[in-house]
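# Tertiary structure, described
Listed below are the residues making up each chain.
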Amino acid sequence: MSVLWIFAAGIVIAALYILLEIRKIGTPTKGPVIDRAVRPETALLVIDMQTDFTSLPVWQSAQLEIAMENVGTAVDAARRAGKSVIAIRQVYKAGLARLLNGWFNQGRGNAGSAGIGLDPRLGLVPNIEFEKSMGDAFSEPALERYLEENRIGTLILTGLDGCHCVKNTAFGALNRGYAVRIDPKAVLAANEVEWSKVQQNLTAAGAELGATAA
């Protein structure tokens, strides 16, 4: 086999590996199905509302303002009801993920980025915070442990992006038997047409749309 063929084969293998990694990051996880009868509590998840992502030029200022206001309203309602408020942050730590994110997303969300923290405009002080490296927040085992320890069986999802991390976390929760509620007004989505389709798919899968009151 010539050196050229070896080089070409290496390029193909590398490309396939990168595609598999990208697919893995964007695929909802699966896990043991919970018994909601012993999980009476509700928690609010605020997903990826980090400066790195809220500062993206894809958002219109009014769109961002409305979403932040509605996230704040959901947080206030959860606080009044004594429910946990959980912040989820996307942090790319692995070498390949950091590299790909540097290529395709200007390094936003990479560990060490200046904008990796929650957007200060939210004024959010969560009960607990988790970092994830994939789209689905359930990729972080510590989240599942916290939900189990606090007997949480219902999740209210807010944040961004509706077509990616919010969607994947919702399906990850539904795969495990959680009740899922989402208010689209508290979710940012860069692609509104795709977000409309995602909402239909989530409803068909059992998520409740339009109600985030704790």
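The name that an unreviewed UniProt entry assigns to the protein chain is Cysteine hydrolase, with the source organism given as Ruegeria pomeroyi.

### Side note on the packing of aromatic side chains
Summed over all chains, the structure comprises two aromatic pairs. Ring geometry for F138 against Y178: centres 5.4 Å apart, planes inclined by 45°, an arrangement best described as tilted. Of the two residues, F138 sits in the loop between β3 (128–132) and α5 (141–149) while Y178 sits in the loop between α6 (165–175) and β5 (179–188), which places them 40 residues apart along the sequence. For the pair formed by F138 and Y178, the shared burial category is buried.

### Topic: the nonpolar core
Grouped together as the largest cluster of nonpolar side chains are 31 residues, with contacts concentrated most on I86, I88, L147, L155, L157, V180 and L202. Counting residues per element, the ones that place at least two in this core are β1 (41–47), β2 (84–90), α5, β4 (152–160), α6, β5 and α7 (192–205). Considering each element in turn, this core owes the most residues, five residues, to α6. Other than its neighbours up to four places away in sequence, V180 contacts L155, L157, A170, A173, L174, A207 and E208. F53, A67, L122 and L188 belong to the second largest nonpolar core, which has 21 residues in total.

### Section: unusual backbone geometry
Residue D161 is bonded to the preceding L160 through a cis peptide linkage, with omega at -20°. Within the fold, D161 resides in the loop between β4 and α6. Although it is not a glycine, D48 adopts a positive phi angle of roughly 60°. Look at D48 and you get buried, because its relative accessible area is 2%.

### A word on the pairing of β2
In terms of burial, β2 is a largely internal element, seven of the seven residues being buried. Burial of the side chains of β2 extends over both faces: S84, I86, I88 and Q90 are buried on one face and V85, A87 and R89 on the other. With five bridges connecting them, β1 and β2 associate as parallel partners. Among the inter-strand pairings, L44 is bridged to a residue of β2, identified as V85. Here β2 runs beside β3; their pairing, made up of five bridges, is parallel. Looking at β3, one finds that I88 is bridged to F130.

### Section: the pattern of salt bridges
Enumeration over the complete set of coordinates arrives at six salt bridges. The salt bridge involving E41 is made with K83; its shortest N-O contact spans 3.4 Å. Placement of E41 in strand β1 and of K83 in the loop between α3 (61–80) and β2 is noted, with a sequence separation of 42 residues between them. The closest approach of N and O atoms between R89 and E129, which form a salt bridge, is 2.3 Å.

Conventions used here
- Residues take numbers from 1 onward in each chain, read along the sequence in its written order.
- Only residues with pLDDT of at least 70 are given local features in this predicted model, and only at 80 or more are side-chain atom pairs given and counted; all residues enter the totals for whole chains, interfaces and linings.
- The basis for the side-chain values is all heavy atoms of the structure; hydrogens and waters are excluded.
- Whether two aromatic rings pair depends on their centres lying within 6.5 Å, for rings of Phe, Tyr and Trp, where Trp uses its six-membered ring; planes under 30 degrees apart make the pair stacked, over 60 edge-to-face, and the rest tilted.
- Helix and strand assignments come from DSSP, with helices taken as H or I runs of at least 4 residues and strands as E runs of at least 2, each series counted from the N terminus.
- Only protein chains enter the area calculation, which uses a 1.4 Å probe; residues under 20% of their type maximum are buried, those over 50% are exposed, and those in between are partly exposed.
- What makes a nonpolar core is a set of buried Ala, Val, Leu, Ile, Met, Phe, Trp, Tyr and Cys residues whose side-chain atoms join them at distances within 4.5 Å.
- Any two residues whose heavy atoms approach within 4.5 Å are treated as being in contact.
- Pairing between two strands requires that DSSP report at least two bridges joining them.
- Any carboxyl oxygen of Asp or Glu that lies within 4 Å of a side-chain nitrogen of Lys or Arg is treated as forming a salt bridge with it.

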